[in-house]
Amino acid sequence: MGLESGSRSLFWALGFAGILAVCTLLLARVDHGLVVLWPSFAALLLVFLARNAFLGLLSGAFCGSILLAEGNLIGAFRTLGEDQFLPIFSSEWKLSAIFFTLILGGFVALVEAGGGLQALIGKLLGPGRAAAKRMQLTVFGFGLLVFFDGLANTMLLGRMLRSAADRCGVSRVKLAYLADTTGSAVACLAFISTWIAFQLSMIREGYESVGVEVSAYALFFKSLPVNFYCWFALALAIICVVRDFNPGPMGKWERDARKEEKSREPETVSSDSSHWLLAIVPILVLTLSIPLLSYLIGSETLLPITLSKFADAYAEAEAHVPRILVASSLLAAFVAALGCWVKNSQSSQATVKIPAVFMSGVRDLLKPIGILFAAWMLGAAISQLGAASLLSELLEGRLPLPFLPVVIFGLGAAISFSTGTSWGTMGVLMPLAIPVVFTLTGDFEAMERESFVVAAIGAVFSGAVFGDHCSPFSDTTIVSSIGAGVKPLDHFSTQLPFAVIAALAAAVFGFIPLGFGLPAWLCLLLGAGLLFSLPSIFPKHREHPV
């Protein structure tokens, strides 16, 4: 019966995909700029109708190929293969993401098999009825710790803590939300991360287009207080944990998880449990090796160590970051394997076969990697069609200056949501936003102009991360759902209300008053105060642990 139902669902999904392809053939004959947005809409529509992320993303990519081939089906298949699929293997960043993700799967399997994870989780969570809240605080804390890369954050937290979430009565979609929220937001705010080199290069490119030299790092640091969406997203995450606030579908998932945990028999602790250091040491190796290797590669001299020198070294090591990620994951996996060997030497039970355990973790991620391939192919089609550029042209007209920051944020959010790429949003919007600020502030003093430039930079970063948090096409949305073991659509639907709330707070209490001259610190206080009051304003969304 299950097989028959699955075949019927696949039949309908393929039927919908065929209808979308036919519609695309008709649209290929339409000479209108908005047609380039069709692949994103088609992918989103099929993801919702078929509840199949891979098929939806791949269909969207094929629709984009049809448009690029101007309705020629043979040319569309050629474009799909030559221009969207094969270039993945020529991108060092994408290949490193694939290897890093697969190795990380094996790493987590080794850490779990070593037994130290159970001891670590038990030590962090402790006994008692407050375990659910403590579990979520643990996820949030780990998310702040793994600051160097959003992808590593989301995959690591989901894979390592989902079993503990089940035991503590925390839904896996809540785990995915906390991991996803801390991942991109922290990486965007961190002055040492895999994001920083790209962010700085985009700021420089924006200034180069107006013929001005600038300290990109200085502007980045000045933009931190006005990166309102990232701050409010993190604040909302901690508020939803501390005050048990779960708007939208998340409330039902949390209630069901609490009921299931209450009916579950208490687990007995094995007398052969390992030491918690067998888990924390490999985690620390993975967390610290990336910034350490970046410093060793990018710095001319090791001593003295200063924050500015560390940040400059990280920027210099930008070209080596893909290899650093893979090397760090391999090093961490080796340390985790040593932990399994230690357990084998001390255990009275059957020994753990280390290669088999590692490969089992790798195999768990082979199917989800296909979703990443489809997402990249759709992103390539969207980029080749110029969808982001079309949206960016909204900035070309003359705008009321006080509303410029919120308009840039809104446009960045639209681009990132429709394309699923935060870096792509920064790459398209930053070089346009900074020149627009210079155009609109032509008669201003340098310091006054810089305040609007800083606001524009924060708005671009905020809008880009918004898409990372709620777009069904985003790598981190997909990877965080993979890591937590939930369907991408379930993660998308439960995280969307949180992202929208944080975005509204960023727009209404952040960028609009900032544009009219309100200090950034006061905007942050106003927005945080509103977010903190939401559980009292909407008490029905509060879920009390049972």
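Residues numbered from 1 in each chain as written. Predicted model: local features only at pLDDT ≥ 70, side-chain atom pairs only at ≥ 80, totals over all residues. Heavy atoms only, no water.

**Details of the overall build of the protein chain**
Next, step 1: Summing up its helical and strand segments, the protein chain has 25 helices and zero strands in all.
Next, step 2: Put simply, of all contacts in the protein chain between residues at least 6 apart along the chain, 79% involve residues at least 24 apart.
Next, step 3: Per element, the accessible surface of the protein chain, about 23200 Å² overall, is 66% carbon and sulfur. (Helix = DSSP H or I, 4+ residues; strand = E, 2+ residues; numbered from the N terminus. Contact = heavy atoms within 4.5 Å. Areas by Shrake-Rupley, 256 points an atom, 1.4 Å probe, with all protein chains shown as cover.)

**So, helix α5 (residues 92–114)**
Next, step 1: Between the first and last C-alpha of α5 there are 32 Å, a value that for 23 residues agrees with the 33 Å anticipated at 1.5 Å per step.
Next, step 2: In terms of burial, α5 is a largely internal element, 17 of the 23 residues being buried.
Next, step 3: Following α5 by one or two positions, G115 has its phi on the positive side, about 85 degrees. (Expected span 1.5 Å × (residues − 1). Buried < 20%, exposed > 50% of the residue type's maximum accessible area, 1.4 Å probe, protein only.)

**A word on helix α4 (residues 73–85)**
Next, step 1: At T79, α4 shows its maximal kink, close to 30 degrees.
Next, step 2: Buried within α4 are the following residues: G75, A76, T79, L80 and Q84.
Next, step 3: Where α4 begins, one side-chain oxygen reaches toward the backbone nitrogen of I74, 3.0 Å away; that side chain belongs to N72. (Bend = angle between axes of the 7 residues up to and from the residue. Polar contact = N/O pair within 3.5 Å; in protein donor to acceptor, adjacent residues only side chain to side chain.)

**Here we look at the packing of aromatic side chains**
Next, step 1: For the structure shown, the criterion picks out 13 aromatic pairs.
Next, step 2: Ring centres 5.0 Å apart and planes at 75 degrees place the aromatic pair F228 and F511 in the edge-to-face group. Here F228, found in helix α12 (residues 228–242), pairs with F511, found in helix α24 (residues 488–515); they are 283 residues apart in sequence, far enough to count as distant. As far as burial versus exposure is concerned, F228 and F511 are alike and both buried.
Next, step 3: Joined through ring pairs, the aromatic side chains of F228, F232, F409 and F511 make up one cluster. (Phe/Tyr/Trp six-rings, centres within 6.5 Å; stacked < 30°, edge-to-face > 60°.)

**Observations regarding the packing of helix α20 (residues 404–419) against helix α21 (residues 422–440)**
Next, step 1: Running from N to C, α20 and α21 point in directions that differ by 165 degrees, and their axes come no closer than 11 Å. Taken as axis vectors, α20 and α21 run roughly antiparallel relative to one another. Regarding α20 and α21, the two cross each other, and that crossing is right-handed. Between α20 and α21, the contacting residues are L404, I408, L411, G412, I415, S416 and T419 on the first element and T425, L429, A433, V436, V437 and L440 on the second.
Next, step 2: Considering only residue class, the contact of α20 with α21 consists of nine nonpolar, four polar and no charged. (Axes fitted to C-alpha atoms, helices over the stretch in contact; angles between N-to-C directions. Parallel < 35°, antiparallel > 145°, perpendicular 65-115°, else oblique. Left-handed = near helix turned anticlockwise from the far one by under 90°. Nonpolar A, V, L, I, M, F, W, Y, C, P; charged D, E, K, R; others polar.)

**Let's talk about a nonpolar patch on the surface**
Next, step 1: A surface patch of nonpolar side chains, amounting to about 600 Å² of accessible area, comprises L292, L296, I297, L302, L303 and I305.
Next, step 2: Note on placement: L303 falls in the loop between α14 (277–298) and α15 (307–316).
Next, step 3: We classify L303 as exposed; its relative accessible area is 64%. (Patch = residues over 30% accessible without salt bridge, like charges linked within 9 Å, V, L, I, M, F, W, Y side chains within 5 Å. Salt bridge = Lys/Arg side-chain N within 4 Å of Asp/Glu carboxyl O.)

**As for the side chain of T79**
Next, step 1: Relative to the helices and strands, T79 is located in helix α4.
Next, step 2: Setting aside its immediate chain neighbours within four residues, T79 contacts S65, L68, A69, Q84 and Q384.

**A look at the packing of α12 against helix α25 (residues 520–537)**
Next, step 1: Remark: α12 packs on α25, axes separated minimally by 10 Å, with the N-to-C direction vectors making an angle of 30 degrees. Between α12 and α25, the crossing angle belongs to the class labelled roughly parallel. As α12 runs across α25, the sense of the crossing is right-handed. Across from F228, W231, F232, A235, L236 and I239 in α12, the residues of α25 making contact are A520, C523, L524, G527, A528, L531, F532 and P535.
Next, step 2: The residue inventory of the contact of α12 with α25, partitioned by class, reads 13 nonpolar, one polar and no charged.

**Regarding the pattern of salt bridges**
Next, step 1: Counting across every chain of the model gives five salt bridges.
Next, step 2: The partner of K174 in a salt bridge is E254, and the shortest N-O contact between them spans 3.7 Å. Within this pair, whereas K174 is found in helix α9 (residues 172–189), its partner E254 is found in helix α13 (residues 250–263), the two being separated by 80 residues in sequence.
Next, step 3: Residue classification places E254 among the buried residues on the basis of a relative accessible area of 1%.
Next, step 4: Among the ionic pairs, K252 bridges to D256, the shortest N-O distance being 3.0 Å. Within this pair, K252 and its partner D256 are both found in helix α13, separated by four residues, close to a single helical turn.
Next, step 5: By relative accessible area, which is 36% here, D256 ends up partly exposed.

**Quick word on the environment of V35**
Next, step 1: Looking at the secondary structure, you find V35 in the loop between α1 (2–27) and α2 (38–50).
Next, step 2: The buried category is assigned to V35, whose relative accessible area is 14%.
Next, step 3: Distance from V35 to L385, taken between C-alpha atoms, is 9.2 Å for residues 350 residues apart in sequence.
Next, step 4: Ignoring any residue separated from it by four or fewer positions in sequence, one finds V35 in contact with L27, V30 and L67.

**Looking at the state of the cysteines**
Next, step 1: What the rule picks out here adds up to zero disulfides.
Next, step 2: With no disulfide partner, C230 has as its closest neighbouring cysteine sulfur the one in C188, 4.1 Å distant.
Next, step 3: Classification of C230 by relative accessible area gives buried; the value is 0%. (Disulfide = S-S within 2.5 Å.)

**Examining the confidence of the model for the protein chain**
Next, step 1: Across the protein chain, pLDDT averages 79, with 83% of residues at or above 70.
Next, step 2: The secondary-structure element of the protein chain with the lowest mean pLDDT is helix α19 (residues 387–392), recorded at 63, while α12 shows the highest, at 93.
Next, step 3: Long-range and interchain partners of residues 268–272, a stretch whose pLDDT sits below 50, account for five contacts in this model, where long-range means more than four residues apart. (pLDDT = per-residue confidence, 0-100.)

**Focus: unusual backbone geometry**
Next, step 1: The phi dihedral of E70 is positive, around 55 degrees, even though this residue is not glycine.
Next, step 2: You can see E70 is positioned in the loop between α3 (53–68) and α4.
Next, step 3: Assessed through its relative accessible area of 69%, E70 is described here as exposed.
Next, step 4: Notably, D244 is not glycine yet its phi reads approximately 55 degrees, a positive angle.
Next, step 5: Among the secondary structure elements, D244 is positioned in the loop between α12 and α13.

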